[in-house]
Amino acid sequence: MSAIPVDSTWGYRIYQDTVAIIEQRNIPGLPGNSGFKTEEQALSIGKLVVDKLGKGVFPPSVSIPELDSLKITYQR
């Protein structure tokens, strides 16, 4: 997994072996196209998604309470 710059925000990319399987350019679970404010925030949600995939959760959706618990900054 890696963080990716998206304009003036951040997203993340998740790989299986060397193939990108998920590229998330905006904050999941929210309407619109807002990206993460920081690289660290993008990586924390990316890690959550990787953990869900590892547990067999598909699709690995992200909820607003999960965003809040990881202190993700977003416009309400």
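This section reports on the structure supplied with the text. (Residues numbered from 1 in each chain as written. Predicted model: local features only at pLDDT ≥ 70, side-chain atom pairs only at ≥ 80, totals over all residues. Heavy atoms only, no water.)

## Here's the deal with a nonpolar patch on the surface
Heads up, the condition is: Here, patches come from residues exposed beyond 30% relative accessible area and free of salt bridges, joined within 9 Å for like charges and within 5 Å for nonpolar side chains (Val, Leu, Ile, Met, Phe, Trp, Tyr). All accessible areas in this document rest on Shrake-Rupley with a 1.4 Å probe, and a residue is counted as covered only by the protein chains that are shown. For this document, the term salt bridge refers to a Lys or Arg side-chain nitrogen within 4 Å of an Asp or Glu carboxyl oxygen. Strands are runs of DSSP state E lasting at least two residues, helices are runs of H or I lasting at least four, and both sets are numbered from the N terminus onward.
There is a patch of nonpolar side chains on the surface, built from Met 1, Leu 43 and Val 50 and spanning about 210 Å² of accessible area. Within the secondary structure, Val 50 sits in helix H1 (residues 39-54).

## Observations concerning the sheet that holds strand E1 (residues 2-6)
Which entries qualify depends on this criterion: By definition, two strands form a pair when at least two bridges between them are found by DSSP. Here an axis means a line fitted to C-alpha atoms, over the contact stretch when the element is a helix, while the angle between two N-to-C directions is reported on a 0 to 180 degree scale. Whether two residues touch is decided by their heavy atoms; if any such pair falls within 4.5 Å, the residues are in contact.
Strand order in the open sheet formed by three strands is E1-E2-E3, and the pairing between neighbours is antiparallel. Whereas interior strands pair on both sides, the edge strands pair on one side only; in this sheet they are E1 and strand E3 (19-24). Averaged over all pairs of adjacent strands, the angle between their axes in this sheet comes to 35°, without regard to strand direction. In terms of strand pairing, strand E2 (residues 9-16) meets E3 through five bridges, oriented antiparallel. Following the sheet pairing, Ile 14 is matched in E3 by Ile 22. In this fold H1 packs onto E1, E2 and E3, with an angle of close to 30° to the strand it touches most, E2.

## What to know about the environment of Thr 18
With respect to the helices and strands, Thr 18 occurs in the loop between E2 and E3. A C-alpha to C-alpha distance of 29 Å links Thr 18 and Gly 32, two positions 14 residues apart in sequence.

## Points about the nonpolar core
Applied cut-off: Side-chain atoms within 4.5 Å are what join buried Ala, Val, Leu, Ile, Met, Phe, Trp, Tyr and Cys residues into a set we call a nonpolar core. Between buried and exposed lies partly exposed: a residue is buried under 20% and exposed over 50% of the maximum accessible area for its type, with that area taken using a 1.4 Å probe on protein chains only.
With 14 residues, the main nonpolar core has Tyr 12, Ile 27, Phe 36, Ile 45, Val 49 and Leu 67 as its most contacted residues. If you list the elements that add at least two residues to this core, you get E2 and H1. By residue number, the principal contributor to this core is H1, which donates four residues. Here Ile 27 is in contact with Ser 34, Gly 35, Phe 36, Leu 67, Ile 72, Thr 73 and Tyr 74, once residues within four sequence places are set aside.

Such coordinate-based values are descriptive only and should not be taken to indicate function.
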